[in-house]
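Topology and contacts: notes
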Amino acid sequence: MSATITPDATPVSVTLESTEIRSWKAPIALAVFVVVAVVLFVVLGRDGATTFRLSSDSDVVQLADWVLPARPTGITVTVLLALLTVVVVALTTMGNRLSARARRMVLAASIVAFTFLFLLGFLTWAAAGAAIPVTGLLLGTVSLSAPLIFGALGGVISERVGVVNVAIEGQLLAGAFCAALVASVTGNPFVGLVAAMIAGVLVSFVLAAFSIKYLVDQVIVGVVLNVLVLGLTSFLYSTVLSVDTAALNTAPRFPRFPIPVLSDIPVIGPVLFRQTLIVYLMYIAVVAVYIGLFHTKWGLRLRAVGEHPQAADTVGIRVNPTRFWNVSLAGAVAGLGGAYFTLDSVSSFGKDMTAGAGFIALAAVIFGRWNPVRATFAALLFGFATNLQNVLGAIGSPVPSEFMLMLPYVVTVLAVAGLVGYARGPAASGKPYIKS
Amino acid sequence: MSGGTPAPATTTEQTADQPRANAILKEIVNGNVLITVLAVLLALLIGGVLIALTNEDVQTAAGYFFSRPQDTLLAVWNAVSGAYVALFQGSIYNFRRDDFLTAIRPLTDTLTYAAPLIVAGLGVGLAFRVGMFNIGGRGQMLIAAAAAGWVGFSFHLPWGIHLIVAVIAGIVGGALWAGIVGLLKARTGAHEVILTIMLNYVAFYLVAYMLRTPGLLQAPDQVNPKSPPMLETAIFPPLLGPAYKLHVGFIIVILATVFVWWLLNRSSLGFRFRAVGENPNAARVAGMDVKNIYVYAMLVSGGLLGLAGVMQVLGTVPTGFSSGIDAGIGFDAITVALLGRSKPWGIFAAGVLFGAFKAGGYAMQASQGVPVDVVTIVQSLIVLFIAAPPLVRAIFFLPDGSRRRRRTTPIVTKEVEAK
């Protein structure tokens, strides 16, 4: 941990830097993907051409389809991937000549380019001889990611303030249940939305009370809360909701609401601006949480409590109330994600309908390194993989659907194991603060 | 963290932090029996409230509560007692049967349900003692079930040997799947909670894929994603004759409990497990290879959860398995381990209790129409209450033992002795 000053004259900073960049994780991971690319795109290469459909018939601005021959594209992509890997290897071995900042930039750019190219190669290969509706693929991605993003934002807020939030799943499920019930009874989806937030807050209250007041291990409370909410919602579903489905479990859904001018932008318009109110709320939430966390007094205090509660306490921040209310806020945000299930995608509640989305959101939090924007992108990646499976399933893809569904989890494992750099959470996350 | 002066400060802070975090685990491990009993009572009470609130007779009677309150109370009593009597009859002793041998059958059902819960709980509890959360029970059970099931339906071996080979295959499968987590945690510092959750899904989809692919695990003449039934030689033989479901697996469960008790309390490896769980920094200073301990612990933990998967596939449902073979036991095991306070015999008792809930829950649903989910609620409430003894003490107006002791440390003797 602490660097000891060695007798020889080497400055500490130099040794530290050179040890930092000698991490071979990224080049090894990229090399693995290059091998996968060689096997899939070259050895198992497929003939035919892949059409990327960039506009649907209803669009105002029509873009021409983009046709790529599968085999040549696959070979080109593989060569480019190999070149990028060489760049990263060179960066790892001879990177000392560049400044740390420049090195990081180049590395990040290479990895982004690599990901994009690999995806392009994969799509071209998987859909050879068929057409991929690009807007449909991305539209579905945004929709499927919405609950994950809300959940991940809830997770980010909660963990940044120092409470591990494994109960995202429970918050989503409680939100979904209450949104369905209240919206059905009142006939108003907006009331349902508020109910979902309250449900999320209630779950958070239990999490906060047990972890802050009773000092129970936060992971345990989270795990048990998930089971409790699952049990409660399933019980009430069987005894209350299913008795009178028409009156109690038929929620009015939010209609799709295209934003006038923005929705006519090609590709981006239909994907981002022909969504429902909940998705628009999601955009606002992402921006608000990001600005709030990093550019306001509230966020500074929140992060201080999560990183070093003693120090925060010393300067007069009340640690435990700060934690309590911010965990509650996190619950409200995650509850909104729950409302997505019953007020947007389907109009009725079903047992265990979140089906592990909360755990994926938790993975997105860690994958996104506790940063709301990165976590959003991680959630989008998971949504993309799920939707890709749907789209390829419709086309008839050569990859078994289970492997497509497995992908986000494998990626998370790789990410957590250090592919995207060492993931370090807020220092005091998971540790109760006892004022001495 | 560079330079000479801050170094001592950080080290003292870490050593001060570490026991704090472990004290919480210790609190879970060393609670007292009274709290456990009260927590179970409290949870049953809340379950009763839920049953009463959703009961139709109670709702009708409550409509005229102020004119005839006794009707409501009677309806509440009927609903709650009916449900809990059904729970008891379905899980322990059915006094409506004439002869003892059939009346006691629910108890053997309870033990059958308890068998996988206990071994899975042992696996999770062992990981707890090393300071790790193994939430990957589902994945480890699925992989183990697939391995044991594959040996069970496709190998043709003599009676006895076949069963042993299948059991070992399952244990190895579960151990390896958990070993990945241990290895990644030890080598890269990745958090085991995330790894195990993610590997649950990977295992689920992997097994689902194998189950729908002919030539791997799918039954030859089937369309459904389901394996062929186990061969007769690979199934756990019944323990009390064909009339009862209880199988030889339960003997293995008892042996496993003894083994884990021996491993944790009498072996050198177990000592190192506990040392790392109590304080990894101290263990490292004492010369233990903490990283390898994590790997070994996950291997053993995964092996035990694998055994639970084996119990399911060769004992509970030997007629071929689907991807739901784990039946949520991987998650129930967490609550079992917490309730048993991570001690082998505690887990054994907790497993039997949860097995009773499981057996009785279905009986309750069938006879009283109370959804089996109420059992899930009661179970999770039990664990919540047990994890927070001060809350239970406050509800039952019990003296707060821990705080008084802490306050009196300077004066010590009198009050501590008076307790």
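Computed from a predicted structure; not experimentally measured.

Some points on the overall build of chain A
A tally of regular secondary structure across chain A gives 17 helices and five strands. Going through the 436 residues of chain A one by one, you find that 52% of them count as buried. Residue pairs in contact within chain A that sit at least 24 positions apart in sequence constitute 77% of those at least 6 positions apart.

What about the overall build of chain B?
The helix and strand tally for chain B stands at 19 helices and zero strands. Residues counted as buried form 53% of the 419 residues belonging to chain B. Taking contacts inside chain B between residues at least 6 apart in sequence as the whole, the part at least 24 apart equals 71%.

Describing the nonpolar core
In terms of nonpolar packing, the biggest core is built from 211 residues, with L343 of chain A together with F273 and L314 of chain B touching the most fellow members. Here this core gets 14 residues from one element, more than from any other, and that element is helix 13 (residues 290-316) of chain B. Apart from residues lying up to four places away in sequence, F273 of chain B is in contact with L126, R129, V130, L263, L264, I293, Y296, A297 and V300 of chain B. The next biggest cluster of nonpolar side chains, apart from the first, holds 30 residues, and it includes F41, V88, L123 and A127 of chain A.

With respect to the interface of chain B and chain A
Put simply, an interface is often sized by how much accessible area is lost when its parts join up. With 48 residues of chain B in contact, the opposing surface of chain A contributes 49 residues. When chain B packs against chain A, the two sides together hide about 4,500 Å² of surface, and 81% of this comes from carbon and sulfur. By the criterion of area lost to chain A, the three top residues of chain B are M198, Y205 and L384 of chain B, representing 14% of everything that side buries. Along the contact surface separating chain B from chain A lie two salt bridges. Across the salt bridge formed by D373 of chain B and K351 of chain A, the nearest N and O atoms sit 3.4 Å from each other.

A short note on the packing of aromatic side chains
Residue and element names in this part refer to chain A. Scanning the model with the defined rule gives 31 aromatic pairs over all chains in all. Summarising the aromatic geometry, the rings of F33 and F114 are spaced 6.4 Å apart at their centres and angled 70° between planes, so their arrangement reads as edge-to-face. Taken as a pair, F33 in helix 2 (residues 25-43) and F114 in helix 4 (residues 100-126) lie far apart in primary sequence, 81 residues in all. Taken together, a centroid distance of 5.2 Å and an interplanar angle of 90° make the contact between F177 and F349 edge-to-face. Remark: F349 occurs in the loop between helix 14 (319-345) and helix 15 (357-367) and F177 occurs in helix 6 (residues 168-186); sequence separation between them is 172 residues. Overall, F349 belongs to the buried group, its relative accessible area being 2%.

Side note on a nonpolar patch on the surface
Residue and element names in this part refer to chain A. A contiguous nonpolar surface patch, about 810 Å² in accessible area, is contributed by V35, V38, V39, V42, V43, L44, I75, V79, L80 and L83. Listing elements by their share of the nonpolar patch, those giving two or more residues are helix 2 and helix 3 (70-94). The leading source of residues in the nonpolar patch is helix 2, at five residues. Its location among the elements puts L83 in helix 3.

Considerations on the sheet that holds strand 2 (residues 66-69) of chain A
Residue and element names in this part refer to chain A. The strand order 2-1-3 describes an open sheet built from three strands, whose pairing is mixed. Each edge of the open sheet is held by one strand with a lone partner, namely strand 2 and strand 3 (131-133). The mean angle between the axes of side-by-side strands here comes to 20°, regardless of whether they run parallel or antiparallel. By the bridge criterion, three bridges tie strand 1 (residues 49-53) to strand 3 in an arrangement that is parallel. Residue pairing across strands places T51 opposite A131, the latter belonging to strand 3.

Quick look at the pairing of strand 1 of chain A
Pairing of strand 1 of chain A with strand 2 of chain A, which is carried by four bridges, proceeds in the antiparallel orientation. Directly across from F52 of chain A, in strand 2 of chain A, lies its bridge partner W66 of chain A.

Some details on the environment of Y294 of chain B
Positionally, Y294 of chain B belongs in helix 13. Here Y294 of chain B is in contact with V130, M132, G182, K185, V276 and P280 of chain B, once residues within four sequence places are set aside.

Topic: the pattern of salt bridges
Residues and elements named next belong to chain B. Overall, the coordinates contain five salt bridges over all chains when judged by the stated rule. The partner of D71 in a salt bridge is R68, with the nearest N and O atoms 3.3 Å apart. Overall, D71 belongs to the buried group, its relative accessible area being 17%. Among the residues examined, R68 registers a relative accessible area of 45% and is labelled partly exposed.

As for helix 2 (residues 33-53) of chain B
Taking 1.5 Å of rise per residue, the 21 residues of helix 2 of chain B would be expected to cover 30 Å, and the 30 Å separating its terminal C-alpha atoms lies within 8% of that figure. Considered for burial, the residues of helix 2 of chain B that qualify are I35, T36, L38, A39, V40, L42, A43, G47, G48, L50, I51 and A52 of chain B.

A look at the side chain of S323 of chain B
Residue placement: S323 of chain B occurs in the loop between helix 13 and helix 14 (329-339). Ignoring any residue separated from it by four or fewer positions in sequence, one finds S323 of chain B in contact with L142, F204, A208 and L211 of chain B.

A few points about the side chain of N94 of chain B
Residue and element names in this part refer to chain B. Inspection of the secondary structure puts N94 in the loop between helix 4 (69-91) and helix 5 (100-103). N94 gets classed as buried once you look at its relative accessible area, which sits at 13%. Setting aside its immediate chain neighbours within four residues, N94 contacts Q89, A103 and P106.

As for helix 3 of chain A
Relative to the 36 Å expected for 25 residues at 1.5 Å per residue, helix 3 of chain A spans 36 Å between its end C-alpha atoms, a close match to the ideal helical length. Looking only at helix 3 of chain A, the buried set comprises A70, T73, G74, V77, T78, L81, L84, T85, V88, L91 and T92 of chain A.

Here we look at the packing of helix 14 of chain B against helix 16 (residues 373-387) of chain B
Residues and elements named next belong to chain B. In contact at an axis separation of 10 Å, helix 14 and helix 16 are set at 40° when each is read in the N-to-C sense. If you check the angle between helix 14 and helix 16, you find them oblique. Crossing of helix 14 against helix 16: the hand is left-handed. Here helix 14 contributes D332, T335, L338 and L339 to the contact with helix 16, which in turn contributes Q379, I382, V383 and I386.

Here we look at unusual backbone geometry
With phi around 55°, L215 of chain A is a residue other than glycine that occupies positive phi space. Take L215 of chain A: it is sitting in the loop between helix 7 (189-213) and helix 8 (218-239). Judged by relative accessible area, L215 of chain A falls into the partly exposed class, the value being 21%. Phi is positive for A327 of chain B, which is not a glycine, with a value near 50°.

Topic: the packing of helix 6 of chain A against helix 7 of chain A
Two numbers describe a pair of packed helices, the interaxial angle and the distance between the axes. All names here are of chain A. As a packed pair, helix 6 and helix 7 sit with axes 7 Å apart at the nearest point and diverge in direction by 145°. Crossing angle aside, the handedness with which helix 6 passes helix 7 is right-handed. Mapping the contact onto sequence places G170, Q171, A174, G175, C178, A179, V182, A183 and T186 in helix 6 and P189, V191, G192, A195, A196, A199, G200, V203 and S204 in helix 7. For the contact of helix 6 with helix 7, the per-class residue count stands at 11 nonpolar, seven polar and no charged.

A closer look at the confidence of the model for chain B
Averaged over every residue, the pLDDT of chain B is 84; residues scoring 70 or more account for 87%. Counted against residues more than four places away or in other chains, residues 1-17 of chain B, with its pLDDT under 50, gives 11 contacts.

Rules used in this analysis
Residues numbered from 1 in each chain as written. Chains lettered and ligands numbered in written order. Predicted model: local features only at pLDDT ≥ 70, side-chain atom pairs only at ≥ 80, totals over all residues. Heavy atoms only, no water. Helix = DSSP H or I, 4+ residues; strand = E, 2+ residues; numbered from the N terminus. Buried < 20%, exposed > 50% of the residue type's maximum accessible area, 1.4 Å probe, protein only. Contact = heavy atoms within 4.5 Å. Core = buried A, V, L, I, M, F, W, Y, C linked by side-chain atoms within 4.5 Å. Buried area = accessible area lost by both parts, 1.4 Å probe. Salt bridge = Lys/Arg side-chain N within 4 Å of Asp/Glu carboxyl O. Phe/Tyr/Trp six-rings, centres within 6.5 Å; stacked < 30°, edge-to-face > 60°. Patch = residues over 30% accessible without salt bridge, like charges linked within 9 Å, V, L, I, M, F, W, Y side chains within 5 Å. Areas by Shrake-Rupley, 256 points an atom, 1.4 Å probe, with all protein chains shown as cover. Pairing = 2+ DSSP bridges. Axes fitted to C-alpha atoms, helices over the stretch in contact; angles between N-to-C directions. Expected span 1.5 Å × (residues − 1). Parallel < 35°, antiparallel > 145°, perpendicular 65-115°, else oblique. Left-handed = near helix turned anticlockwise from the far one by under 90°. Nonpolar A, V, L, I, M, F, W, Y, C, P; charged D, E, K, R; others polar. pLDDT = per-residue confidence, 0-100.

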